[in-house]
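As a plain string of letters, each chain reads:
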Amino acid sequence: MKIAVICNSDSLAFPAISSLISQGWLAGVGILARSSNVLLSPLLAMAIPKQNIAQFTKEAWQSEMQNWLQTIAPDMVWVFGFPWLIPSSILAIPDGGFLNFHFGNLPRYKGADPIFWQLKNGEEKAALVVHRMTSLIDDGPILMMEELRTIKGENYGLFCQRLGLMAAGLVQPLVDNYLNKSFRELDKPGGGEAACFKKPGYKTLKINWEEQSADEIEYLVNASNPKYDGASTYLRNAEIRILETSPAEIQLENNFRPDPGTIVYADAVYGLIVACRGSRFLKINVVHTQEGYFSGSKLFSMGVQAGEKFINLN
């Protein structure tokens, strides 16, 4: 049994790669050349010979992938994130085809970075779907599906670690099903087709204090940390990336109802507490500015005061 892995993520793919190595099933790993500064050294540290690690360039990846597969001759290829559509001629090279590990429910979360979108949308459960790849985006028969409940306050990085470990748990059953020729196609979940999600852009990562609820802001903050460096807002006309928040309870005098985004409390112990829609409040725990990473308490010590306001800039 020889399995090749194509990956563009460490936390999602490396636990499964480690399991394949321990079983003697790993034929090789393919990565994007542009990601080699992040992925190559850890793969080498896993005792994968450098000649067994292919690096695909944007200009010539199809010919590079085809040559690589013809050289190592794997039984199957497992894919953990790949940005370009693989043509049918390459998908047909291994006898067992290409299996895609898609970390989001299908068809609801087709497209790029389903982990971000599931966290941003406040889903109570996320899905890991393993499906046969076709030349279409996130298409093909579903062979396995597992659900993982999200934890309140969990950020993108922590959730990726748990999903990666869950993917590693599917290594043995997937191999067994292939060897026993017992793959069975699952029915796709209900809920109808959804438009393909795109990688979140700058507008998606911006906090809208007037329109988003406290929960929606916290979901966005968690979904953006660390991959997108937090959710964006402005204070004193300078951008601040909020990396962590938590719900806060506070009693305001004289039924005062501040505008959303207004800092209603600030001190060196509790840091900053910000008003949100519907008389809800969030405590600002960690932010990133041009000057560095700071706690809410540190921002107070730097001069941020109650009454100042986070604003939206177009």
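Just so we're clear, the structure is a prediction, and the values are computed from it rather than from any experiment. (Residues numbered from 1 in each chain as written. Predicted model: local features only at pLDDT ≥ 70, side-chain atom pairs only at ≥ 80, totals over all residues. Heavy atoms only, no water.)

S.K.: Is there a simple way to explain the overall build of the chain in this structure?
M.R.: A count of helices and strands for the chain gives nine helices and 13 strands. Structurally, the chain occupies a C-alpha span of about 70 × 40 × 35 Å along its principal axes. Across the 314 residues of the chain, 49% fall into the buried class. If you sum the accessible surface of the chain, you get close to 15400 Å²; carbon and sulfur atoms cover 49% of it. Charge separation in the chain, taken as the distance between the mean sites of 28 positive and 31 negative side-chain charges, equals 2 Å. (Helix = DSSP H or I, 4+ residues; strand = E, 2+ residues; numbered from the N terminus. Buried < 20%, exposed > 50% of the residue type's maximum accessible area, 1.4 Å probe, protein only. Areas by Shrake-Rupley, 256 points an atom, 1.4 Å probe, with all protein chains shown as cover. Lys, Arg positive; Asp, Glu negative; His and termini not counted. Charge placed at Lys NZ, Arg CZ, Asp CG, Glu CD.)

S.K.: Looking at this structure, I do not really get the sheet that holds strand 4 (residues 76–80). What am I missing?
M.R.: Sheets are built from strands paired through backbone hydrogen bonds, the pairs being either parallel or antiparallel. Taken in spatial order, the seven strands of this open sheet run 3-2-1-4-5-6-7, and their pairing is mixed. Edge positions in the sheet fall to strand 3 (53–56) and strand 7 (142–149), since each of these pairs with one other strand and no more. Taken pair by pair, the neighbouring strands of this sheet meet at an average axis angle of 20°, ignoring direction. As paired strands, strand 4 and strand 5 (residues 98–102) are joined by three bridges and run parallel to one another. When the bridges of strand 5 are listed, V77 appears paired with F98. Helix-sheet contacts for helix 2 (residues 36–45) involve strand 1 (3–7), strand 2 (26–32) and strand 3, and the interaxial angle to strand 2 is about 160°. Contacting strand 4, strand 5, strand 6 (125–132) and strand 7, helix 6 (residues 156–168) runs over the sheet at an angle of about 140° to strand 7. (Pairing = 2+ DSSP bridges. Axes fitted to C-alpha atoms, helices over the stretch in contact; angles between N-to-C directions. Contact = heavy atoms within 4.5 Å.)

S.K.: Is there a simple way to think about helix 2 in this case?
M.R.: Side chains three or four residues apart in an α-helix point the same way, a direct result of the helix having 3.6 residues per turn. Burial in helix 2 covers these residues: L39, L40 and L43. In a view along the axis of helix 2, the buried residues occupy a sector of 100°, so they form one face of it. Opposite the packed face of helix 2, turned more than 90 degrees from it, sit the exposed residues N37, S41 and A45. One or two steps after helix 2, the chain reaches A47, where phi turns positive at roughly 70°. (Arc of directions from axis to C-beta.)

S.K.: Help me understand the pairing of strand 2, please; the structure alone is not making it clear to me.
M.R.: One face of the sheet, then the other: side chains in a regular strand alternate in exactly this way. Summarising burial for strand 2: six of the seven residues are buried, a large majority. With four bridges joining them, strand 1 and strand 2 adopt parallel strand pairing. Each residue of the ladder has a partner; that of V5, found in strand 2, is V29. The parallel pair strand 1 and strand 2 is bridged by helix 1 (residues 10–23), and the resulting crossover is right-handed. Note that strand 2 and strand 3 share four bridges and pair parallel. Across the sheet, the residue bridging to G30 is A54, located in strand 3. (Right-handed = clockwise from strand over helix to strand, strands pointing away.)

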